[in-house]
Amino acid sequence: MSARDEILGRIRAARPEGRVAVPREYRTVHAADTDLVGLLVDRLVDYRATVRRCGTDEVAATVAELLAGVPRLAVPPGVPEEWLAAYSGTVVRDGTPRPLTVADLDAPGLAVLTGCAVAVAQTGTLLLDAGPDQGRRLLSLVPDHHLCVVHTGQVVAGVPQALARLADPTRPLTLVSGPSATSDIELNRVEGVHGPRRLDVIVVDR
Amino acid sequence: MSGTGNIVARLPFPTAARNELADAQLRANLRRATHTIRDKRQRVVAEVSDWEALRVAGAAIKDDVLARLPELLEQFEAAATAAGATVHWARDSAEACAVVTELVRATGSTEVVKVKSMATQEIGLNEALARAGIAAVETDLAELIVQLADDTPSHILVPAIHYNRGQIRDIFARRMPGVDLAALTDEPAALAEAARRHLRAKFLSAKVAISGANFAVAETGTLAVVESEGNGRMCLTLPETLISVVGIEKIVPTFRDLEVFLQLLPRSSTGERMNPYTSLWTGVTPGDGPRTVHIVLVDNGRTDTLADSVGRQALRCIRCSACLNVCPVYERVGGHAYGSVYPGPIGAILSPQLTGAGANRTLPYASTLCGACFDACPVRINIPEVLVHLRQSGVDAERRRPSAERTAMRAMSWVMRDRRRYAAALRAARRGSAPLRLAAGRRGVVRRLPWPLSAWTASRDAPLPPQRTFREWWAARERDNTP
Ligand code: SF4
């Protein structure tokens with residue numbers, strides 16, 4: 001008998017009888033008057049991300065300010081040109097003319113700019129779902145500095161609302177909560193291991 | 001078929017515990033680390049007003065999974081296969097190791113990068129790969145420390161919890177090839193930097209990665225890995241081939257169910273609102289990540305555990321380690337005494353059920369039944385209830401030879417003899433679970449600490465009044481049972 005058939009047969013013999021009802025009395029909606037954006041900013045700062053809030057017409061200037069001294073910037077295919085208008089360094093766009101390689105992205109002095117799909121206020125989490133302004137997973141992973149633009153309309157209260165917003169859960173998903181960190185030394189959180197050690201977040205009011 | 005691998009203790013718990021107790025540095029390190037994490041967990045759990053409702057939902061989802069496991073596994077297999085993954089099945093650790101070794105061989109690689117995974121530790125995969133001439137490089141910081149030190153893990157979340165920063169510095173200085181000694185201090189940031197430099201080239205050039213998975217979604221065929229450092233993302237994204245070893249109980253029915261576990265797990269494990277990185281992937285995505293994706297579904301004693309109507313709740317476990325961190329026994333003896341990759345309260349109920357017998361038979365005695373583990377458990381596993389159940393079946397099975405039990409009990413008394421230290425540990429454990437009680441109180445639900453001693457008395461002569469403290473109960477037991 002194949003391992004598959006044997007295991008499934010053993011489970012059929014061993015499993016409990018009957019159906020189990022799942023009570024879902026936890027919160028999936030939150031009061032409309034909560035200052036979600038303020039909460040998100042508070043959580044991000046707590047993780048030691050750098051946070052800026054600005055209006056829609058100030059994104060380019062804020063991007064340029066946060067990237068002062070950064071000579072090269074990688075962007076996924078769908079990052080809008082207007083975010084880049086005030087940045088004076090070199091912009092390399094994934095896929096134009098060719099996909100960026102790991103070596104391209106590992107070059108010193110390179111940062112990456114992406115958008116996000118949705119942000120969770122209570123946990124300070126940015127969800128990337130490989131949408132056009134987020135691109136392939138390695139873009140936000142290999143560079144040491146990740147700059148992420150969040151629109152206030154993308155901010156939800158909790159994890160349930162965030163997962164419900166995803167267009168397609170089978171796309172590669174990455175949940176980012178602060179810069180790379182470890183709790184492995186005496187169980188204290190220390191920032192900076194393998195992922196980007198600097199995370200900047202621009203929250204755009206609209 | 002019983003489970004095999006790194007879950008079978010070589011020494012009975014009392015013997016192993018005596019060895020570990022002699023190490024004062026170990027006890028100091030454990031005490032410091034577990035108290036840090038207890039306080040953090042308590043803070044982040046207290047800010048979630050619906051924590052109790054999340055626990056109830058988490059437990060029910062997992063119970064539902066156990067009741068529908070064959071259908072859900074088939075659904076998972078079909079969805080993952082449709083998304084481009086190849087699904088394999090393994091009855092036990094030897095079969096799982098053979099499957100993975102063959103898959104790595106087929107790629108031609110002699111080195112693989114690994115994301116920390118309990119399943120691969122359980123089946124002894126690194127040792128099996130080494131026998132086949134394949135080097136497995138652990139990339140999680142704590143796993144790396146343990147691997148460099150040629151040691152074994154002592155905690156399911158932080159395998160190097162028994163080392164303090166000074167000891168970690170010394171291990172890196174002696175064992176990490178090419179480490180920059182001038183920059184290497186015992187500052188956690190400097191240690192993290194050394195690990196980053198050490199592993200970077202390996203990440204960027206690795207052709208094969210091996211991971212576990214925290215969750216496997218039946219509906220979509222999606223796997224999830226919850227991590228902190230970004231080593232997981234590196235392994236899951238950059239290599240050409242990804243092999244994930246997944247226990248059959250890791251299934252959740254729907255993508256939506258993750259909304260419960262992604263709230264319960266980070267707060268319970270590292271005491272954070274959310275861990276830095278969580279990756280979810282479904283089969284192969286052209287142009288993004290590995291081109292070849294394998295999933296190995298492992299039984300290794302899980303179906304035996306499923307057959308026990310009381311013990312099967314251990315299969316709800318999401319490996320958060322909260323029960324270890326609040327356990328007064330774990331705090332004193334550390335993880336190695338349990339002789340399994342699953343130490344602490346969950347190990348005391350999981351290892352003996354996965355493996356059947358042997359030295360693991362003493363593990364259900366590695367507890368004071370104080371109940372702190374149940375209060376901390378995000379999926380409401382009633383660990384004391386299972387412990388009592390396993391002790392009882394052990395006693396019944398060995399009625400002619402009660403000496404193993406008595407030896408275990410006597411050793412436990414030795415572990416817990418120092419009244420002052422034990423009382424302090426117990427107080428701390430109770431403090432650690434206080435927010436849960438408060439949360440329950442606010443919602444008007446009166447829930448008492450479970451004291452499952454009625455089950456205990458079923459195979460005993462002496463009744464055990466539930467209001468007695470452990471020490472009182474213990475002292476009475478000692479008197480009654482002295483041979
Ligand atoms: S038994 Fe519960 S508390 Fe312990 S590791 Fe498993 S889920 Fe966490």
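Residues numbered from 1 in each chain as written. Chains lettered and ligands numbered in written order. Predicted model: local features only at pLDDT ≥ 70, side-chain atom pairs only at ≥ 80, totals over all residues. Heavy atoms only, no water.

Identification of chain B as L-lactate dehydrogenase complex protein LldF from Micromonospora pattaloongensis is taken from an unreviewed UniProt entry.

The name an unreviewed UniProt entry assigns to chain A is L-lactate dehydrogenase complex protein LldG, from the organism Micromonospora pattaloongensis.

Peer 1: Honestly, the overall build of chain B in this entry has me stumped. Any pointers?
Peer 2: On a plain count of helices and strands, chain B comes out with 22 helices and 10 strands. The buried share of chain B, reckoned over its 483 residues, is 65%. Long-range contacts, defined as pairs at least 24 residues apart, comprise 78% of the intrachain contacts of chain B with a sequence gap of at least 6. In the form shown here, chain B has an accessible surface area of approximately 16400 Å², with 51% of it arising from carbon and sulfur atoms. (Helix = DSSP H or I, 4+ residues; strand = E, 2+ residues; numbered from the N terminus. Buried < 20%, exposed > 50% of the residue type's maximum accessible area, 1.4 Å probe, protein only. Contact = heavy atoms within 4.5 Å. Areas by Shrake-Rupley, 256 points an atom, 1.4 Å probe, with all protein chains shown as cover.)

Peer 1: Help me out: how do you make sense of the site of the ligand in this one?
Peer 2: Taken together, 13 residues form the shell around the ligand, and within it Cys317(B), Cys320(B), Ser321(B), Cys323(B) and Cys377(B) come nearest. In the shell around the ligand, the residues fall into 11 nonpolar, one polar and one charged. (Near = heavy atom within 4 Å. Nonpolar A, V, L, I, M, F, W, Y, C, P; charged D, E, K, R; others polar.)

Peer 1: How should helix H2 (residues 36–46) of chain A be read in this particular structure?
Peer 2: Residue pairs spaced three or four apart in an α-helix point in one direction, given the helix's 3.6 residues per turn. Residues and elements named next belong to chain A. Within H2 the residues assigned to the buried category are Val 37, Leu 40, Val 41, Arg 43 and Leu 44. Along the axis of H2, the buried positions cluster into a sector of 165 degrees, meaning they face one direction only. For H2, the secondary structure elements touched by its buried residues are strand S1 (50–55), strand S5 (118–120), strand S6 (125–128), strand S8 (155–156) and strand S12 (198–205). Positive backbone phi, approximately 70 degrees, marks Arg 48, located one or two places after H2. (Arc of directions from axis to C-beta.)

Peer 1: I tried to follow the environment of Glu143(B) on my own but got confused; where do I start?
Peer 2: Residues and elements named next belong to chain B. Relative to the elements of secondary structure, Glu 143 occurs in helix H8 (residues 141–148). Accessibility expressed as a relative area gives 5% for Glu 143, which makes it buried. Spatially, the C-alpha atoms of Glu 143 and Val 341 are 12 Å apart, while their sequence positions differ by 198 residues. Apart from the residues within four sequence positions on either side, Glu 143 is in contact with Lys 116, Gln 121, Glu 138, Pro 153 and Pro 159.

Peer 1: Mind showing me how you'd approach the pairing of strand S10 (residues 181–185) of chain A here?
Peer 2: Within a regular beta strand, the side chains point alternately toward one face of the sheet and then the other, so they alternate between its two faces. Residues and elements named next belong to chain A. In terms of burial, S10 is largely enclosed, as five of its five residues are buried. Here three bridges tie S10 to strand S11 (residues 188–191), and the two strands are oriented antiparallel to one another. In the sheet register, Thr 182 faces S11, and the bridge partner there is Val 190. The hairpin turn running from S10 into S11, its antiparallel successor, is two residues long, and Glu 186 in that turn takes a positive phi close to 55 degrees. (Pairing = 2+ DSSP bridges.)

Peer 1: What exactly am I supposed to notice about the UniProt feature "domain: LUD" (unreviewed entry) in chain B here?
Peer 2: UniProt's feature table lists "domain: LUD" (unreviewed entry) at residues 73–298 of chain B, given in the numbering used throughout. Along residues 73–298 of chain B the backbone is 41% helical and 22% strand, and the end-to-end C-alpha distance reaches 11 Å. (UniProt positions renumbered as here; feature names shortened; annotations may be inferred.)

Peer 1: What exactly am I supposed to notice about the packing of aromatic side chains here?
Peer 2: Remark: the centre distance and the inter-plane angle together describe each pair of aromatic rings, the angle taken between the planes. In total, this model carries two aromatic pairs over all chains according to the counting rule given. Positioned above the aromatic ring of Tyr277(B), the side-chain terminus of Arg233(B) is 4.6 Å from the ring centre. (Phe/Tyr/Trp six-rings, centres within 6.5 Å; stacked < 30°, edge-to-face > 60°. Lys NZ or Arg CZ within 6 Å of the ring centre and 35° of its normal.)

Peer 1: Explain the interface of chain B and chain A here, please?
Peer 2: Taken residue by residue, the interface counts 97 residues in chain B and 73 residues in chain A. Both faces combined, the contact of chain B with chain A buries some 7400 Å², and carbon together with sulfur accounts for 58% of it. Of all residues in chain B, Arg196(B), Arg233(B) and Arg273(B) bury the most surface against chain A, accounting for 9% of the area lost on that side. A salt bridge links Asp299(B) to Arg10(A); the shortest N-O distance between them is 3.7 Å. Where chain B touches chain A, the interface holds 36 residue pairs in polar contact (both at pLDDT 80 or more). (Buried area = accessible area lost by both parts, 1.4 Å probe. Salt bridge = Lys/Arg side-chain N within 4 Å of Asp/Glu carboxyl O. Polar contact = N/O pair within 3.5 Å; in protein donor to acceptor, adjacent residues only side chain to side chain.)

Peer 1: Which parts of the structure should I look at to understand the pattern of salt bridges?
Peer 2: When charged atoms on two side chains of opposite charge get close, those side chains can pair. Inspection of every chain in the model, using the stated rule, returns 43 salt bridges over all chains. Note that Glu71(B) and Arg15(A) form a salt bridge whose closest N and O atoms lie 3.0 Å from each other. Here Arg15(A) lies in the loop between helix H1 (3–14) and H2 and Glu71(B) lies in helix H4 (residues 69–82), a pairing that spans two chains. On the basis of relative accessibility, which here comes to 36%, the residue Glu71(B) falls in the partly exposed class. For Glu259(B), the salt bridge is made with Arg256(B), and the minimal N-O distance between the two is 2.9 Å. Judged by its relative accessible area of 4%, Glu259(B) falls in the buried class. Here Arg256(B) falls in the partly exposed class, since its relative accessible area comes to 41%. Bridged by salt links that share partners, the residues Asp42(A), Arg43(A), Asp46(A), Glu47(B), Arg267(B) and Arg273(B) form one connected network.

Peer 1: Sorry, what's going on with the sheet that holds strand S6 (residues 222–227) of chain B here?
Peer 2: Strand pairing in a sheet is mediated by backbone hydrogen bonds. Such pairs are either parallel or antiparallel. Strand order in the open sheet formed by eight strands is S8(A)-S5(A)-S6(A)-S9(A)-S9(B)-S6(B)-S5(B)-S8(B), and the pairing between neighbours is mixed. Each edge of the open sheet is held by one strand with a lone partner, namely S8 of chain A together with strand S8 (251–252) of chain B. When strand S9 (residues 173–176) of chain A meets strand S9 (residues 277–282) of chain B, the two strands line up antiparallel, connected through four bridges. Opposite Val176(A), over in S9(B), you have Tyr277(B) as the bridge partner.

Peer 1: Explanation requested: the state of the cysteines in the structure shown.
Peer 2: Chemically, a disulfide is nothing more than a covalent bond linking the sulfur atoms of two cysteines. Residues and elements named next belong to chain B. Applying the stated criterion across every chain, the model contains zero disulfides over all chains. Cysteine Cys 370 is unpaired, with the sulfur of Cys 373 as its nearest cysteine sulfur at 6.2 Å. Given the relative accessible area of 11%, Cys 370 is considered buried. (Disulfide = S-S within 2.5 Å.)

Peer 1: Quick question: what am I supposed to make of the sheet that holds strand S4 (residues 208–211) of chain B here?
Peer 2: All names here are of chain B. Across the sheet, which stays open at both edges, the six strands sit in the order S1-S10-S7-S4-S2-S3 with parallel pairing between neighbours. The open sheet is flanked by strand S1 (85–90) and strand S3 (135–138), the only strands paired with a single partner. Between one strand and the next, the sheet's axes are offset by a mean angle of 25 degrees, whatever the strand orientation. Strand direction decides the pairing type here: S1 and strand S10 (residues 292–298), joined by six bridges, are parallel. In the strand pairing of S10, Val 87 is matched with Ile 295. Each of S1 and S10 touches H4; the most contacted strand, S1, lies at about 145 degrees to it. (Axes fitted to C-alpha atoms, helices over the stretch in contact; angles between N-to-C directions.)

Peer 1: I keep staring at the packing of helix H2 (residues 24–46) of chain B against helix H12 (residues 258–269) of chain B and nothing clicks. Help me out?
Peer 2: A pair of packed helices can be characterised by two numbers: the angle between their axes and the separation between those axes. With their axes 8 Å apart at the nearest point, H2(B) and H12(B) run at an angle of 145 degrees to one another. Contacts between H2(B) and H12(B) involve Ile37(B), Arg41(B), Val44(B) and Val45(B) from the former and Arg267(B), Ser268(B) and Ser269(B) from the latter.

Peer 1: Mind showing me how you'd approach the confidence of the model for chain B here?
Peer 2: In low-pLDDT regions, the fine details of the predicted coordinates are not to be read closely. Residue and element names in this part refer to chain B. Mean pLDDT over chain B works out to 82, with 78% of the residues at or above the 70 mark. Counting interchain partners and residues more than four positions distant, the pLDDT-below-50 stretch residues 399–403 has one contact. Taken over the whole predicted complex, pTM reads 0.87, whereas the ipTM for its chain interfaces reads 0.96. (pLDDT = per-residue confidence, 0-100.)

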